Amino acid sequence: MSPSRKRAPSPTPPLIEPARRESLRAGLLAWYDRQKRDLPWRRTRDPYAIWLSEVMLQQTQVATVIPYWERFLQRFPTVEALATAPLPDVLAAWRGLGYYSRARNLHLAAQDVVARYGGKLPSTAAQLLTLRGFGRYTAGAVASIAFGEPAPLVDGNVARVFSRLFEVEGLPGDRVREARLWALATELVSPERPGDFNQALMEHGATVCRPDNPLCLLCPVREDCLAWRHGRVNELPPAKVRAAPKRMTLALAVWAHAGRLLLARREEKGLFGGLWELPAAEIEADTPDPESAGKLTQALGTPVRVEAVLGTVRRQLTHRSLTLRLLRVTGSTHPTRAPAFRELRWCTPEEASSLGMSTAMHKALEAALEAGVLPA
DNA sequence: TACGCGTGGGT
DNA sequence: TACCCAAGCGT
């Protein structure tokens with residue numbers, strides 16, 4: 001073929017036929033307008049409040065998030081208020097919600113928004129992606145819901161809905177599958193109502209196109225669903241294989257002195273990063289208690305000896321089985337800083353209970369107090 | 001790239 | 001009871 005006869009590159013054919021695309025958009029939006037839940041973040045247009053909801057909702061269910069979202073906004077009503085707050089205060093407001101790196105990243109991003117954007121969240125997915133804690137999903141969610149940009153998004157719900165609607169094969173995490181899901185989301189998102197449409201997709205996945213026992217008879221787009229037509233709804237998407245949780249054992253120092261307990265704040269990364277705890281040192285499961293005393297001595301930077309074993313608290317995380325051994329310890333000097341920790345503080349029980357602390361450590365603290373380490 | 005990172009609701 | 005896993009991100 002001579003260069004003069006070369007045609008312009010033909011556009012890639014759409015993944016979804018235009019008629020079907022319109023039918024899906026209309027069906028899902030009409031269903032959403034009738035059936036959407038009355039969620040508190042759907043009553044605001046404040047981009048910061050919407051951003052906060054999206055971060056809290058990562059890997060966390062709606063019912064769990066609602067009270068946290070309301071309390072957090074009362075405590076930190078604006079990006080500026082959040083940016084200027086000390087991290088430990090932010091983590092205290094996040095206590096019990098889990099995945100604490102979300103709170104650390106939110107805090108960093110708020111400071112970035114103040115520094116780079118005068119405290120106003122940027123309005124495009126591309127700009128949002130440059131902020132800590134914004135991945136492809138959250139950037140698309142905030143851009144579409146808070147700012148009306150027709151940006152696509154794919155979360156666990158959307159992945160499930162699409163894998164059924166379009167019979168997308170492959171295991172979760174498969175690159176080809178992920179690329180196809182995002183391409184479908186990009187074609188399908190409504191240019192007129194992108195935020196509502198994206199929420200409609202997720203709401204549909206959460207309430208109708210559920211993982212188990214999907215309510216196909218109530219589905220507004222059943223006739224457009226390939227898995228429904230082919231009787232494959234229950235085999236799509238394939239379940240993801242989950243690694244067995246790893247065991248971790250911690251020795252906890254329960255050190256009482258003058259009516260106070262020694263608390264420590266962890267380094268700001270990894271498990272429970274930045275949170276307060278009874279000073280902890282990782283040990284092997286079968287470590288004898290004198291050896292645990294050695295580990296705690298190292299962590300605290302001052303000699304401690306174990307006076308008694310107060311008990312054991314077990315806690316199951318998704319990816320870890322935690323065993324916390326509570327050791328009543330004492331020593332001749334009372335440290336106020338230590339090599340393994342960000343901060344140390346001698347706390348009354350009341351002070352301790354207001355600190356940002358994981359649920360696991362909160363249970364350990366309760367067990368220590370019930371054991372009578374601080375006689376009234 | 002695959003793994004580390006929490007918690008509580010649902011069944 | 002003991003699983004399942006939910007509006008993901010960072011490394």
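Definitions and limits used
- For every chain, the first residue of the written sequence is number 1, and numbering continues from 1 onward in sequence order.
- A letter from A marks each chain and a number from 1 marks each ligand, given out in the order of writing.
- Where local features are concerned, this predicted model is filtered to residues with pLDDT of at least 70; where side-chain atom pairs are given and counted, the filter is 80 or more; whole-chain, interface and lining totals use all residues.
- The side-chain values count all of the structure's non-hydrogen atoms but skip hydrogen atoms and water molecules.
- UniProt positions are given in the numbering used here, feature names are shortened, and annotations may be inferred rather than shown by experiment.
- Secondary structure elements follow DSSP: runs of H or I no shorter than four residues count as helices, runs of E no shorter than two count as strands, and numbering proceeds from the N terminus.
- By definition in these notes, contact holds between two residues if any of their heavy atoms fall within 4.5 Å.
- Residue exposure (1.4 Å probe, protein chains only): buried if accessible area is under 20% of the type maximum, exposed if over 50%, otherwise partly exposed.
- Residue proximity to a molecule or strand is established when one non-hydrogen atom of the residue lies within 4 Å of it.
- Here a polar contact means two N or O atoms within 3.5 Å. Within protein one must be a hydrogen donor candidate and the other an acceptor candidate, and residues neighboring in sequence count only if both atoms are side-chain atoms.
- Lys, Arg, Asp and Glu make up the charged group, whereas Ala, Val, Leu, Ile, Met, Phe, Trp, Tyr, Cys and Pro make up the nonpolar group; the residues left over, Gly among them, are polar.
- Two strands qualify as a pair provided DSSP detects at least 2 bridges between them.
- Fitted lines through C-alpha atoms give the axes, limited to the stretch in contact for helices. The angle between two N-to-C directions lies from 0 to 180 degrees.
- Each salt bridge in this description consists of a side-chain nitrogen of Lys or Arg and a carboxyl oxygen of Asp or Glu lying within 4 Å of one another.
- What makes a nonpolar core is a set of buried Ala, Val, Leu, Ile, Met, Phe, Trp, Tyr and Cys residues whose side-chain atoms join them at distances within 4.5 Å.
- Bear in mind that the domain bounds are from an automatic or database domain assignment.

Chain A has the name Adenine DNA glycosylase in an unreviewed UniProt entry, where Cystobacter ferrugineus is given as its organism. Under the UniProt heading Sequence similarities (unreviewed entry), the entry covering chain A gives this text: "Belongs to the Nth/MutY family."

K.L.:
An account of the side chain of Ser-358 is requested, with residue identities and associated values reported.
P.N.:
Within the element layout of this structure, Ser-358 appears in the loop between helix 14 (349-353) and helix 15 (359-370). Those residues in contact with Ser-358 that sit more than four places away from it in its chain are Tyr-100, Phe-272, Leu-275 and Trp-276.

K.L.:
Which residues make up unusual backbone geometry, and what values go with them?
P.N.:
With an omega dihedral of -10°, the bond running from Leu-236 to Pro-237 counts as a cis peptide bond. With respect to the secondary-structure elements, Pro-237 resides in the loop between helix 12 (226-229) and strand 1 (246-254). The backbone of Glu-167 sits at a positive phi, close to 50°, despite the residue not being glycine. Relative to the helices and strands, Glu-167 is located in the loop between helix 9 (156-165) and helix 10 (175-188). We classify Glu-167 as buried; its relative accessible area is 17%.

K.L.:
Break down the protein's contact with DNA strand C for me, with residues and values.
P.N.:
With respect to spatial proximity, 27 residues lie near DNA strand C, and among them Leu-57, Gly-133, Thr-138, Asp-155 and Asn-157 are the closest. Of all DNA strand C atoms lying within 4 Å of any protein atom, the proportion belonging to sugar or phosphate reaches 68%. Contact between DNA strand C and Thr-138: a phosphate oxygen at 2.6 Å from a side-chain N or O atom of the residue. The set of elements that each furnish at least two residues to the surface near DNA strand C consists of helix 8 (136-147), helix 9 and helix 11 (194-207). Of the residues assigned to the surface near DNA strand C, the class counts are nine nonpolar, ten polar and eight charged.

K.L.:
Please set out the environment of Val-304 residue by residue, giving values where relevant.
P.N.:
With respect to the secondary-structure elements, Val-304 resides in the loop between helix 13 (289-300) and strand 6 (305-316). Along the primary structure Val-304 and Arg-328 are separated by 24 residues, whereas in three dimensions their C-alpha atoms are 9.8 Å apart.

K.L.:
How would you sum up the sheet that holds strand 5 (residues 280-283)? Please name residues and give values.
P.N.:
Pairing is mixed in the open sheet, where four strands are placed in the order 5-1-7-6. Where the open sheet ends on each side, the last strands, each with one partner, are strand 5 and strand 6. Each adjacent strand pair in this sheet contributes to an overall mean axis angle of 25°, direction not counted. In this structure, strand 1 lies alongside strand 7 (residues 320-330), joined through nine bridges in parallel fashion. When the bridges of strand 7 are listed, Leu-252 appears paired with Leu-326. Packing of helix 13 onto the sheet brings it into contact with strand 1, strand 5, strand 6 and strand 7, and relative to strand 5 it is tilted by some 130°.

K.L.:
How would you sum up the protein's contact with DNA strand B? Please name residues and give values.
P.N.:
If you check the shell around DNA strand B, you find 22 residues, and the closest are Arg-175, Lys-246, Thr-318, Arg-320 and Thr-359. Of all DNA strand B atoms lying within 4 Å of any protein atom, the proportion belonging to sugar or phosphate reaches 64%. In this structure, Thr-359 approaches DNA strand B through a main-chain N or O atom, which is 2.6 Å from a phosphate oxygen. Elements with a minimum of two residues in the surface near DNA strand B: strand 6 and helix 15. In terms of residue class, the surface near DNA strand B is built from seven nonpolar, eleven polar and four charged.

K.L.:
Report on the pattern of salt bridges, specifying residues and quantitative values.
P.N.:
For the structure on display, the rule yields 24 salt bridges. When the shortest N-O distance is used, the salt bridge between Arg-222 and Glu-223 registers 3.5 Å. Note that Arg-266 is salt-bridged to Glu-277, the shortest N-O span being 2.8 Å. Placement of the pair is Arg-266 in the loop between strand 3 (260-265) and strand 4 (276-277) and Glu-277 in strand 4, with a sequence separation of eleven residues. With relative accessibility at 2%, the residue Glu-277 sits in the buried group.

K.L.:
Please provide a residue-by-residue account of the side chain of Gln-199, values included.
P.N.:
The residue Gln-199 is located in helix 11 in this model. Non-local contacts of Gln-199, meaning those with residues more than four positions away in its chain, are made with Tyr-32, Arg-42 and Ile-145.

K.L.:
Can you explain the UniProt feature "domain: HhH-GPD" (unreviewed entry) in chain A? Please cite residues and give values.
P.N.:
Those places that UniProt annotates as "domain: HhH-GPD" (unreviewed entry) correspond, in this numbering, to residues 56-207. In residues 56-207, helix accounts for 66% and strand for 0%; the two terminal C-alpha atoms are 19 Å from one another.

K.L.:
If you had to explain the nonpolar core to someone new, which residues and values would you point to?
P.N.:
Within the largest apolar cluster, 67 residues are counted, with the highest numbers of intra-cluster contacts made by Trp-51, Met-56, Phe-72, Trp-94, Leu-252 and Leu-263. For this core, the leading source of residues is helix 2 (residues 47-56), giving seven residues. Mapped onto the domain boundaries, this core takes at least three residues apiece from domain 1 (18-230) and domain 2 (246-371). Setting aside anything within four residues of it in sequence, one finds Leu-252 in contact with Leu-278, Pro-279, Ala-280, Leu-296, Leu-324, Arg-325, Leu-326, Leu-327, Met-361 and Ala-364. Core analysis: the second largest hydrophobic core is formed by 36 residues, Ala-185, Ala-200, Leu-201 and Cys-225 among them.

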